[in-house]
Every structure is written in C-alpha cells, then in structure tokens.
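Structural overview for review
As a plain string of letters, each chain reads:
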Amino acid sequence: TMSVSQMLFYSKKNVDPETMLLPYLRRKLRLTGTKYGCGGGGCGACTVMISRYNPITKRIRHHPANACLIPICSLYGAAVTTVEGIGSTHTRIHPVQERIAKCHGTQCGFCTPGMVMSIYTLLRNHPEPTLDQLTDALGGNLCRCTGYRPIIDACKTFCKTSGCCQSKENGICCLDQGINGLPEFEEGSEVKEEFLPLDPTQELIFPPELMIMAEKQPQRTRMFGSERMAWFSPVTLKELLELKFKYPQAPVVMGNTSVGPEVKFKGVFHPVVISPDRIEELSVVIHASNGLTLGAGLSLAQVKDILADVVQKLPEEKTQMYRALLKHLRTLAGSQIRNMASLGGHIISRHPDSDLNPLLAVGNCTLNLLSKEGKRQIPLDEQFLSKCPNADLKPQEILISVNIPYSRKWEFVSAFRQAQRQENALPIVNSGMRVFFGEEDGIIRELSISYGGIGPTTICAKDSCQKVIGRHWNEEMLDTACRLVLNEVSLPGSAPGGKVEFKRTLIISFLFKFYLEVSQILKKTNSVHYPSLADKYASALEDLHSRHHCSTLKYQKIGPKQHPEDPVGHPIMHLSGVKHATGEAIYCDDMPPVDQELFLTFVTSSRAHAKILSIDLSEALSMPGVVDIMTAEHLSDVNSFCFFTETETFLATDKVFCVGHLVCAVLADSEVQAKRAAKRVKIVYQDLEPLILTIEVMSSMLMPGYYLFFLNTSLTFMYFPVTGEIHMGGQEHFYMETQSMLVVPKGEDQEIDVYVSTQFPKYIQDIVASTLKLPANKVMCHVRRVGGAFGGKAFKTGTIAAVTAFAANKHGRAVRCVLERGEDMLITGGRHPYLGKYKAGFMNDGRILALDMEHYSNAGTSLEESLFVIEMGLLKMDNAYKFPNLRCQGWACRTNLPSNTAFRGFGFPQAGLITESCIVEVAAKCGLSPEKVRMINMYKEIDQTPYKQEINAKNLAQCWRECMAMSSYSERKVVVEKFNMENYWKKKGLSMVPLKFPVGLGSRAAGQAAALVHIYLDGSVLVTHGGIEMGQGVHTKMIQVASRELRMPMSNVHLRGTSTETVPNANVSGGSVVADLNGLAVKNACQTLLKRLEPIISKNPKGTWKDWAQTAFNESISLSAVGYFRGYESDMNWEKGEGHPFEYFVYGAACSEVEIDCLTGDHKNIRTDIVMDVGCSINPALDIGQIEGAFIQGMGLYTIEELNYSPQGVLHTRGPDQYKIPAICDMPTQLHISLLPPSQNSNTLYSSKGLGESGVFLGCSVFFAIHDAVSAARRERGLRGPLRLNSPLTPEKIRMACEDKFTKMIPRDEPGSYVPWNVPI
Ligand SMILES: Cc1cc2nc3c(=O)[nH]c(=O)nc-3n(C[C@H](O)[C@H](O)[C@H](O)COP(=O)(O)OP(=O)(O)OC[C@H]3O[C@@H](n4cnc5c(N)ncnc54)[C@H](O)[C@@H]3O)c2cc1C
Ligand code: FES
Ligand code: FES
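Each chain carries its own residue numbering, running from 1 in the written order of its sequence. Whichever chain is written first becomes A and whichever ligand is written first becomes 1, with later ones labelled in order. Two thresholds apply to this predicted model, a pLDDT of at least 70 for residue-level local features and 80 or more for giving and counting side-chain atom pairs, whereas whole-chain, interface and lining totals are computed over all residues. Where side-chain values are given, they derive from all heavy atoms of the structure, hydrogens and water being excluded.

1. What about the pairing of strand 9 (residues 291-295)?
Type-normalised accessible area, obtained with a 1.4 Å probe on protein chains alone, sets the label of each residue: buried when under 20%, exposed when over 50%, and partly exposed for intermediate values. Runs of H or I in DSSP of at least four residues are treated as helices and runs of E of at least two as strands, each being numbered from the N terminus. Burial of strand 9 is extensive: 5 of the 5 residues sit out of reach of the surface. Pairing between strands is defined by DSSP: at least two bridges between the two strands are required. In the sheet, strand 8 (residues 285-287) pairs with strand 9 via 3 bridges, with the strands oriented antiparallel. Its bridge partner lying in strand 9, Ile286 is registered against Thr293. If you look at the hairpin formed by strand 8 and strand 9, you'll find 3 residues sitting between the two strands. As paired strands, strand 9 and strand 12 (residues 398-405) are joined by 5 bridges and run antiparallel to one another. The partner of Gly295 across the bridge, within strand 12, is Ser401.

2. Overview of the UniProt feature "active site" (unreviewed entry) in the protein
UniProt positions are given in the numbering used here, feature names are shortened, and annotations may be inferred rather than shown by experiment. The UniProt entry lists Glu1253 under the feature "active site" (unreviewed entry), expressed in the numbering used here. Glu1253 gets classed as buried once you look at its relative accessible area, which sits at 9%. Pairs of residues are marked as contacts when any of their non-hydrogen atoms sit within 4.5 Å. Every residue in contact with Glu1253, bar those within four places of it in the chain, is listed here: Arg904, Gly905, Phe906, Phe997, Gly1071 and Ser1072.

3. Things to note about the confidence of the model for the protein
Of all residues in the protein, 94% have pLDDT values of 70 or greater, and the mean over the chain is 93. pLDDT is defined as a per-residue confidence score from the predictor, taking values between 0 and 100. Under a pLDDT of 50 for its full length, residues 1-5 has, in the predicted model, 10 contacts with residues more than four places off or in other chains. Every residue in residues 162-191 scores below 50 in pLDDT, and together they form 56 contacts with partners more than four places removed in sequence or on other chains.

4. Observations regarding the sheet that holds strand 20 (residues 626-630)
Across the sheet, 8 strands lie side by side as 20-24-18-30-27-28-29-40; this open sheet has mixed pairing. Sheet topology places strand 20 and strand 40 (1058-1059) at the edges, where each strand pairs with a single neighbour. In terms of strand pairing, strand 18 (residues 598-604) meets strand 30 (residues 815-818) through 2 bridges, oriented parallel. The residue of strand 30 that forms the bridge with Leu598 is Val815. Between N-to-C directions, angles cover 0 to 180 degrees, with each direction set by a line fitted to C-alpha atoms, over the stretch in contact for helices. Of the strands in this sheet, strand 18, strand 20, strand 24 (662-668), strand 27 (740-745), strand 28 (752-756) and strand 30 are in contact with helix 27 (residues 795-811), which crosses strand 27 at around 30 degrees.

5. Observations regarding the packing of helix 35 (residues 1074-1099) against helix 36 (residues 1105-1114)
Between helix 35 and helix 36, whose axes approach to 10 Å, the crossing angle comes to 100 degrees. Taken as axis vectors, helix 35 and helix 36 run roughly perpendicular relative to one another. In contact with Leu1090, Leu1093, Ile1096 and Ile1097 of helix 35, helix 36 contributes Trp1105, Trp1108, Thr1111 and Ala1112. Of the residues assigned to the contact of helix 35 with helix 36, the class counts are 7 nonpolar, 1 polar and no charged. When describing relative orientation, an angle under 35 degrees is termed roughly parallel and one over 145 degrees roughly antiparallel, while 65 to 115 degrees is termed roughly perpendicular and anything else oblique. Each residue gets one of three labels, nonpolar for Ala, Val, Leu, Ile, Met, Phe, Trp, Tyr, Cys and Pro, charged for Asp, Glu, Lys and Arg, and polar for the others, Gly among them.

6. Looking at the site of ligand 1
Near residues are defined by distance, with any heavy atom within 4 Å of the molecule or strand qualifying the residue. Around ligand 1, the surrounding shell holds 34 residues, and the nearest of these are Met254, Thr257, Val259, Ser342 and Asp355. In the model, an oxygen atom of ligand 1 is placed 2.7 Å from a nitrogen or oxygen of the Met254 main chain. Measuring from a nitrogen atom of ligand 1, one finds a backbone N or O atom of Leu399 at 2.8 Å. Throughout, the Shrake-Rupley method with a 1.4 Å probe supplies accessible areas, and for residues the shown protein chains are the sole cover considered. Its free accessible area being 990 Å², ligand 1 has 93% of it covered by the protein chains. Where the shell around ligand 1 is concerned, the elements lending two or more residues are helix 14 (343-349) and strand 12. Take the shell around ligand 1: its biggest share by element is 5 residues, from helix 14. Whenever two N or O atoms come within 3.5 Å, that pair is a polar contact, provided that in protein one can donate a hydrogen and the other can accept it, and provided that, for residues adjacent in sequence, both atoms are side-chain atoms.

Listed below in structure tokens is the structure:
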C-alpha cells in the first residue's frame, strides 16, 4: 500500500521474496527518484529512509538504507520514505533539496536524491548535526561530478557552527587565521543565499496505523513465497528456532548486506530464507560485571552508538577493546550499510576482510548460541573464524549475542587497517592486537594478534604470540616477533587481491605501530623503567585524517556597466538543480515502460583471445519470458559500422578479442528473465595466441598507422643526462548513471525513436540508421540529460544502441537496455593507460634544452579514438613549458582488452604527467625544487608552441604567481621541511604545478554548432541546440545567453533537451567546448530574431514580448530562427609539425600539500589551492564546479583509482567495492579556488573559456606532493638516486617506496615463480 509521500508496508501475500526495494520502487511503483548506481550497496544512489516503531521501547528509529539490498519482504511494518516523499516542486521543496541545489551541489544530479536522503535522515535524527555527523552521514554516497565541496557546504548550513572549518587542531580554526592574509576572499557565493528554514515539526509523522499495528497485532510468523523461494519472518525466538530446526540450511537474513551481494553477484540461491523480525532477545544490551553482551541483531550503527556511550562512561583501562572496535566502526562501509548490517551477520559471515572479527578474535569474546536443543557458548577464536566444524555453529543454531569482556589493568588493545581509500573501502590488511602484562613489569603475559585480508579467513598469529610470552616489551622482542609473524602469517605470491609484498609489509608495520603505541603508554606510566621513545618516532601513532573541511571560492566581479538584469557572469543555479534534488529530473531509465517493452542484455566473452567453437542457445531460449537471442549471424551484413578508418564489429563473429567482447544479445520480457537466460547461454572457446595485455610487451605490436611526430630533429648531437620512464594506469569513467537506452519503433514508415544517455546523438542516429538500413531521417535520437559521461558515452553507446535497435526493429517492440555497473565497467573501456619514456638534456640551473619523448598507449582491441588521443597528447605534452628542442613520438598499442576511449582531458592528463615527471627528475638531478625548474622553463609572455602557434602566456604567469601567493608556498615549504625533520614516520609534501590547456578540436568542421530558437505568441521562448546536458550546466548557460541576447528574464526561456529532430548533424559534446560553440549558435539565432523584431520593438518600446510576438505574427515575420557557428579556424600539418590547432589556452596552477604515513602508505590531502584563468566566466558557479569536480576526478586518477586485470585479461575491478573513486573522505581538508579577474579573449563567447577538462590534470599536484613526501622519507633513510613513481600512487606504491627495515625484512618471490593475481597493463 502506498500513499504519495510515504510508503507503508503491510502484509502482502503475493510479494516475490527475491524482489529488492529498489526495482520495486522504480518499476512497480514508478517512483524513479531513487536511482540505481551499482546494486551492491556501494554507491548510495538508492538511499531511502527506513522508519520502524518499537512497541516495547515506544521509540521510532529512522535510518538510511540502500534500497538495492533491501528485500521488500523484510519491510513489514516499516515506513519507507523516498526522495519524492519529502518534497517536490508541485508542493513544497524540502530545505535539504533547496540548499543542495542552491549551493550548486548538483551537476548531473544522478547522485543527488541519494545525497538528499542521507542528509534528510541525519536531520530527522539530529536537526543540528555536527560536521562529524555530517561527513559520517555522507560517507556512503558517491558523486562523480562535484568533488563534494558544494555538497558539504550545502549541508553545513544546517550545522550550528556553519561557515567554519570547526578545526581545533592547533587551537585555531580557518576563520581565526584569516585565510592566509588574503582578506579579499569571499566565502561561498557572492550573493548570500536565503534558505527555507528547517522546521522539524513539519516533517512527515510516522504512520499511526503502523504504530497501532505494531502494538496490537498478534505475533506470529509471516510467510511469503514464490515458485522459487520461501521467506519466513518469525517474530518470536521460539518460532525462529523451530524454523532453523526445520530448515537448517536456510540463511538467517538480517541486514542482507552479506547474503544479498552473494545472491546478486555470485549467483548463490537460497530456496528458503529466514528473516527474524523484531525479536527482542536478538537486540539485548547487557552490562555485566565482566563485560558487555550485545545482541546479534543489533545493527553496526547501533553497536557504534552503544560503544561510544560506554567509552564515555567507563574508565579507559576497561574499554580498550571498545575503543578499538569504535575506530573500525567509523570507517566500516557507509552509514547506510552500518545501519542495515547486523553484528551477528557480520560475525557469522566471516568475510576474509571483516574489520571486526580480527579484533573480536583477540579479545576473548564468546558467542551465545541457541537452538531447539538448548544453549551453548563457543569462543570467537581462530577455529570458529576458519569454520572448523567442531568450533562452528551447528546448522540449526542461532547466534543470540556476543560477550565482549572489559579489558583489564595492564592490558592494551589496538586496531589497524589500511585500505585503498580511507573510508567506505574494504581493508587491504587489517589487524587486531592485544597484549596483557598483568603488572607493571612489562613482561608479556598474554599476546594475541590477528589479521584480516591475508587469507580466506581471519588469521591469528598464535604460535608467534606464544613464543614471545614471558619476554620484555622491547625492540629485541619486536624484532623477533616480526620474524615469527612473517613466517607464520605467510602469503603466497599468487594470493587473491594481489599487493602481496605490500600486505607482507603491512603485517609487520602494524605490529611495529602496536609496539610503539604500547611503549608510549608504558613510558607514560613509568618513564624510568621503559626505554624512551624519541619524539621523532612518536608521529607514527597519530591519525592522518581530519574530517573537517573548509573552503573558499573567489568569483569574478561583474563589471559596473553590465545591465542589472543580464544574467551572464552570475552564479546561476543549475537549471535542473531543484529537480535533481527532488528526484523529478528524468533520466533515460526513468522513462515509463512502453507497452510490450522488452529488455535486452548481453552475453560477453569470458576469454581475452579465443576462437568461438560453438554457441548453444537452446537452454536459454527455453527459459520463461525469453523472446529471442541474437548473434552475429542474425545481424549478418549489418553487424559492423565503419568509424574513421577501422570497421567495428558489434557482436563477435568467430573470434573474441577481449574479455567483455559482446557475443550475443538476449531479449526477454523482463530484466530478470533476460539476465537469467543470459547465464544459460553456453559458449565453447578455444584459446588463441598471443594474449597481449600490457603495453610493455606490445612495444613491437603497434596499431597500423601509428603516429610519428617530429618537432625538431636537431637532437642527435645532444647529451641526455636524464632518461627515464613512467607508467600510468587507466581510469574507469564511473559515470553514476550506467549506459542506458530505450528504443521505440513507431510502427509507421519504419520510424524509430531512440532515447539514450549519450554525448553524441548524431552518431547513434547514424549507426542505428546503418544497422537498420534506413535513411537517417527515419531515426530520431533524443537526450534529455545524461547522468555523467566524461567521454564514455559516445562510441560504445553506439554499438550497444545498434544491437538494441536491431532487436527492436526485428520484433517491432520497444526494447530497453540498461547495463549493470559490473557489465558497464567490463564492456566499455576507459582512459588509456600510458607508458612514457623520456630523455632530457638540461643545464645546471634547471633549464631544459632538449627533450625526447615517447608515448605508448594501451588502446585495447580496436582503434576507435586511440589515435586522436595520442595526437592530442602529443600536441599538449609541452604543458606550460618551452622546450627549445623537442621530439615526441606516440604509438597506440593494440591489446586484448576492451577498447579504450575518450575520457575527460583526452590524452592530456597522461602526457602532462609524463612531462612533469621528467621535470621532477631533472630538478632532483640539479638539486633544485621542481617548482624552480618549472618556473625557469615556463612560457614567456609572447611565445610559440612547438607546432609554432603563437601564444600569449601572460595569464599563465599570473596564475602561477597568484597561486604561489594564495598558497603561501614559500612559507609552507619551510614548515613542511621542518615537519619532515621532526617526524620520521610521517612526512609532508608540497607541490605546485602550472597548467596550459589548449582548447580546440583540431578541425573547423568538428567545431560547428547549431541552435534553434522559437518565440511563441505568448512571448515565451524555446531554445534547442546540439549540446548535451551531462552535468556541466550547458543548458543553464544557453538560457543565460538567450536571456542576455533577447533581453528577457531567464524564466521566460525554456529548454527541453537535445534531439536530432530539432538540430541535425550536431557534433559530439566533449572537449570543453560544448557551451562555447553552442552558445555562439544560440547567440546567432537570438540576434537573427532580434534583428527581425527590432522595428516592431522600437515602434512599441514599452510593449511586452507577447505584444511584439503577436505583431510579428500579424505582419508575417517568422518567430523562429536557426543559429549557426562554423567552428573555430583550425589546422595542423602533421608532416611539417606546424599549425594552429587550438583556439585558445586555459591557464591555471594548483598547489597541494599532503601528509603520508610511511608505515602504511596512507595519505591525506591537507590543502589545495587552485587559480584558474577562465577569461570572463559566463557562470562562475558552474565553472568552479567544473574545476573542482575535474580536480577531484584527477586526484582519483593519479592516486587511488586502480584497475586490476588478471593475467588472463579478466577485469577484477567491476564495481565500487573494488574500484575506488574519491569519496567525501578524500576531499582536501582545505580547498581554495580563485578565478583570475576577467580578461578579454578574441572571439570566444563573451570572452569565456571552456573548462570541462583542464582541471583533471591539476589533480597531479597531489601526485607530486606525495612524490615530494616520499622523497623526503627516502632521503632521511639514506636512499639516493632518482625516485620514479608510477601512477596511480596508491597506498601500496607509497608504502613500498618508503623503504625501511620492514620492507627489507619481508620475503620476496622470484618473478616467474608464481602466477600473480593481477598484471600491470
Ligand atoms: C557495500 C558494502 C561495504 C562493506 N564494507 C565493509 C567494510 O568496510 N568492512 C567490513 O568489515 N565489512 C564491510 N562490509 C560487510 C558487512 O560488514 C557485512 O556484510 C555485514 O556485517 C553482514 O551483516 P548482515 O546483517 O547484513 O548479514 P546478512 O547478510 O543478513 O547475513 C549474513 C550471514 O550471517 C548469518 N547470520 C546472521 N545473523 C545470524 C544469527 N543471529 N545467527 C546465525 N546466523 C546468522 C546468515 O545466515 C548469513 O549467512 C560491507 C558490505 C557492503 C555491502
Ligand atoms: S545502487 Fe544501491 S548502493 Fe549503489
Ligand atoms: S552530480 Fe553527483 S554524480 Fe553527477
């Protein structure tokens, strides 16, 4: 049953226990505000609020939850509130929705409903939250566009102390300090926004009928069933035990965060499920004399609150274990998962990377079990964790509660973990450690150490611990213990998860940390007795991560001459901002189903290079709901499309060339049926040689037509004292909205409508027309908005659309195709990995005289855009520097991986990093700071690029200077050096990089754009243009343009979306120029209209647009105009290496400071300052959004985003659990962004500059800051020689580069003696 605002769940007889809340909301109830982003609890796009009433405590509990993992059967008696329920534009928007929109916290808007619901739920529980609670609440929500800063700023307005960083580190907060003595800094937007007040009394009440039901209803087991599955929800302990006795194999589903993903991703099927509901015995909290007993049914969030409370109340010596548990509970998953997952489920599922089990295992905890046969207690120890039959639960037993004893005097417990990302990421290695001395003498009486992430279960170093009992707590003991533990907790070279040497190092690094921690406490209690710990080493113990953020933004000032109603230059909110926040914005998959619609899913290759011997479709075809399965044979002569020079085949014919290669397409009545059938398609392969994955091996197997680029050939006589190379990994687009489309045959004249999430509707139109053998005028492609694209929604989207359209046409029925996250990551490819080789000749003062470069990119199986990427990389590789002699060559290498494609920055983030790495190495050779060498080689005011295009680099120098000043670079450099002198295990690094990003597409035709503007007789205006709204706010800017040109308020102008029907032959939206080019076309159309109407307006200057439009109509003057822009002039002669490929340059600079933990490889971005030259900004809020969003995406690229492939070419990283994009915890603690004052620009739109891509590269300031910190560590450890670090600079690489006695102690495997889990590509 459903009311508009809230959903209440009563008993429903015919619910399918396999249905999760998310598809139920989206498909059945047509509430599409809640989004699908991953389906596995990892992204937060599907966040809803769950409320339950407890008739015993009489309290209502509201908590956030991931709808994708909630079986609807588990929601009996609960109220579910979705984003639609809390506010809408039809009624009243909620303050959360309003503020996130007004503070520019939405770009593509796909993550926004989830963000809104996380904050809404927080506010229901804490109307005036602290910043800590805020970051906690958002920890489980990912956003790929904004970089989080504006979202945090929006939420801060609810905090009591908003506007301040609340940092009490060093006793001063950002406001006290006055940001670096730059008083002209404005905070937030220049116009202080007015917000609706938050009034908790206005919120929806908990439905009284559910309360009455909970109070009154007789308590008995409910059962739901389908043909495949039975679901039992017992409400008393007795019934639960009965059921478990009857169905011993049935899982006891609590939060479903362990069972759910297994069912979904691993194909596990449970015919019977037992899901206890509100059984009081499972949520007991008993404070006994020897410790706490916690009910197995308590959620991890509840456990966290209980422990936080206990820790406050009891003396520290009793709560050692609770403190350690709390530490891990803070970072374990996100708030949604912590609120769903139960303590019992966590313990019983015994994940190898469980965060709590290694701790509980060292704490003498016991488990209270119950079955029909009676009570039993078993220890939570290694045997239990490794599922030894005689130490495990019996199948019919239930875990009731867990006893966690208090710690004793002279007992210490610590928790350690290192993950790829600080929060909401499974640990790479974690550990629980406990020592008990019994008395002051410092002799070890008991010692327990256990590790997670090392083997298939939690591993205890039992023997090692046993062997050091009786010894003193000193360095000798530590040394022995390290050797023993390494021996006992051994890890084969081929261990799943890879990073083997890193894991081995962490095992003993954690032990060392524990040693230091305990030593320090012992020293405090008795400084005479215990060896003193030098201050220099104490830093090993401090936590890196601060959760307080502060930011300042500096916009450009509006010129005094500008008309007050002219919106250009103002920070106007994204046109769809509010609709993003209310869930009303419609994305492709939110479109209602068309009658008789079918769903299409792909079967993809599991082999990287193989011959297809046979495909057996018979079983799949016989499955219920299956309509058709198409292979290459069905598509026969339309199974390919020629793109540039290479023909792309859609479905594999006789061979496959990568894992994820599309082989067949299954068409069924529903998504579930299509997916089930796809699993039954049987393909027999025969592997082929060679299997090529990496660039290195490939150096000899280059793409046909590889590129050679000579800029200056007088290099032969040069001497190159620096020669090196750097490898840079790829990147997954991870747009929050996966590839989606709906193809609808119109049933008349063979017309077909394609609704698709793409950046390139014209291409989709062409490829569909070609596949259906239709003229383009029969195929119409429509895009309202795209939930993030970043380059990934053009060419692969076309291939998928071709097959989907073929299916739709063949069956004359609408077909929907939406990729799951895992499929999307597997199939679509991403940014090109690069190998860069460099040679540099230079003077002692750092002047680089000659540079010889080679770029190799990993193109994947097909050429696609790879050569353009190489080309752009070559043209942009000089970044901000003048190299008097330069040769640069590039090759795209064909490999057995999915074809890599366009990605924000298009080759520049790779090429730029290679150049900067070379500079850093030259600086090291010269004994200078990299910044010095950067400065000395920077372009002069009037200069020439290697391809002889004139540039005026005045603004480059200005950005550099301002960034130096704003970041107080010199002062902070000194502070950083001092810090590094004083700290051995923590190091800081500071780095500043300049940016020159050339903008232009290399050809005039690629830059043409068109628009269509209609004026209706009521005076309202409709604008269409060829650009795609993918979060960058192009539609908002276009309305600003129309408003300025037609001199009418923005509210009078509407824009619906993009369609090949209104603007034909539009170019792809990308390359930073969407607003530039289309804006000029819109401007042109408006000017045409205005010119036509001028005589009418001047005759009646006081008239309204309605009057003028009517007059024009009466006088037969057309009120519709096409606008056109031919594209910037552009040419490039590759033979001569000369030309004018770009229209203008975006300049900027970024300075970042990081701190690293040399023992774990952890890093924290402490502060980033960015200065950008944007010409005259059309909308500074949107522009800053692009800068910071791109910066964070770049930071992810260069630090934590790591794709892993098996030696057989299988992608391991297929979702947010394995692939880590930056989350809220990765935001710099301080972020300051400043735009240069307006500067005039030749012939761009109102002198503006396109900013979509350039900021990505600035993320490398973080890379080089880490480099700087690692260098400091190495210098101190006496390691000389060039430091070459590859990208991404993950915790693994940081740790392993900070070589020390621990990295020396670990065993290393001979290369070739084992098969590694992953290979570098
Ligand atoms: C996105 C995501 C991120 C995560 N991140 C982390 C992380 O960072 N660190 C970490 O440690 N973990 C993490 N996890 C794992 C999470 O902690 C576990 O999935 C969770 O604790 C399991 O609890 P549950 O109640 O959902 O279990 P369920 O899935 O409901 O059940 C799990 C198992 O426990 C059994 N069971 C449950 N209760 C009982 C009982 N009372 N008696 C007998 N058997 C019982 C069930 O039979 C079932 O086999 C993450 C999970 C997800 C989905
Ligand atoms: S879709 Fe549910 S968390 Fe990603
Ligand atoms: S706005 Fe957050 S994902 Fe696009």
